[in-house]
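Chain and residue survey
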Amino acid sequence: VLQQDNTTLRTDNMKLYERIKFLQTMSTSNLNLEDDVTSKYSTQYEAHIDPFSDFNRKERQRKYVNLNSAERVVLNLGKMILSDKFARQAVFFYSIALHLLVFLVLYKFAVSEDCMQLTDCQTAFQAHMKEHHP
């Protein structure tokens, strides 16, 4: 019942906004009735009279249905991350932390003693290959 009342009120408001727009275009004086309420119903009115918005919504739904489950998961995860400021920041700092971890590990391997032993192993292997397998 509440949902039906809400829908009825919304359509009534849309009709009232349509009348306001009509009166604004017909009046000779330049009335400017822009406030929060009229701007809210202005966007709803424009969406209501725009046939492309309905087509766009149906096409999005059709494309979403055609996605496989993995693509749906990735799409919903991306929407969730992009819609929340905290989630965007968490992903950003997580990726920075992962990059720093990789750089530190690579730096450690580049300057550690184990790496020097690895080059010794490579030279010994090359000498062995030249000596025993010409």
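Along each chain, residue indices are assigned from 1 in the same order as the chain's sequence is written. Confidence filtering applies because this is a predicted model: local features only for residues at pLDDT of at least 70, side-chain atom pairs given and counted only at 80 or more, and all residues used for totals across whole chains, interfaces and linings. Think of the side-chain values as coming from all heavy atoms in the structure, minus any hydrogens and water.

**Regarding the overall build of the protein**
Here is the rule we go by: In this text, helices come from DSSP runs of H or I with a minimum length of four residues, and strands from runs of E with a minimum of two, each type numbered from the N-terminal end. Burial classification: accessible surface area is computed with a 1.4 Å probe over protein chains only, and a residue below 20% of its type maximum counts as buried, one above 50% as exposed, and the rest as partly exposed. For every accessible area listed, the method is Shrake-Rupley and the probe measures 1.4 Å; residues are considered covered only by the protein chains on display.
Looking only at helices and strands, one finds six helices and zero strands in the protein. Reading the secondary structure of the protein in the N-to-C direction produces α-α-α-α-α-α. A burial count over the protein gives 6% of its 134 residues as buried. Accessible surface, the protein: about 12100 Å² in total, of which carbon and sulfur atoms supply 64%.

**Re the packing of aromatic side chains**
Applicable threshold: Between 30 and 60 degrees the pair is tilted, below 30 it is stacked and above 60 it is edge-to-face, where a pair is any two Phe, Tyr or Trp rings, Trp via its six-membered ring, whose centres lie within 6.5 Å. Note on criteria: charge over ring means Lys NZ or Arg CZ within 6 Å of the ring centre, with the direction from the centre no more than 35 degrees off the ring normal.
Summed over all chains, the structure comprises one aromatic pair. Taking the centre distance of 5.2 Å and the plane angle of 70° together, the rings of Phe-92 and Phe-93 count as edge-to-face. Since its relative accessible area comes to 48%, Phe-92 is described here as partly exposed. Directly above the ring of Tyr-64 sits Arg-72, whose terminal nitrogen or CZ lies 5.3 Å from the centroid.

**Description of the confidence of the model for the protein**
Heads up, the condition is: How sure the predictor is of each residue is captured by pLDDT, a score from 0 to 100.
Mean pLDDT over the protein stands at 82; residues scoring 70 or higher make up 87%. For the protein, helix α2 (residues 36–49) is the element with the lowest average pLDDT, namely 72, and helix α4 (residues 69–83) is the one with the highest, namely 95.

**What about the packing of α4 against helix α5 (residues 85–111)?**
This is how it is decided: Here the axes come from fitting lines to C-alpha atoms, over the contacting stretch only for helices, and the angles between their N-to-C directions go from 0 to 180 degrees. By the definition adopted for this analysis, an angle is roughly parallel if under 35 degrees, roughly antiparallel if over 145, roughly perpendicular if from 65 to 115, and oblique otherwise. By definition in these notes, contact holds between two residues if any of their heavy atoms fall within 4.5 Å. Each residue is assigned to one class: nonpolar for Ala, Val, Leu, Ile, Met, Phe, Trp, Tyr, Cys and Pro, charged for Asp, Glu, Lys and Arg, and polar for all the others, Gly among them.
Running from amino to carboxyl end, α4 crosses α5 at an angle of 105°, the nearest separation of the two axes being 5 Å. Between α4 and α5, the angle is such that the two are roughly perpendicular. In this structure, α4 uses Met-80, Ile-81, Leu-82 and Ser-83 to contact α5, whose residues at the interface are Lys-85, Ala-87, Arg-88 and Val-91. Looking at the contact of α4 with α5, its residues break down into five nonpolar, one polar and two charged.

**Brief notes about the environment of Leu-16**
By the element assignment, Leu-16 lies in helix α1 (residues 2–26). Residue class for Leu-16 comes out partly exposed when judged on its relative accessible area of 45%. Separated by 25 residues in the primary sequence, Leu-16 and Tyr-41 have C-alpha atoms spaced 9.2 Å apart.

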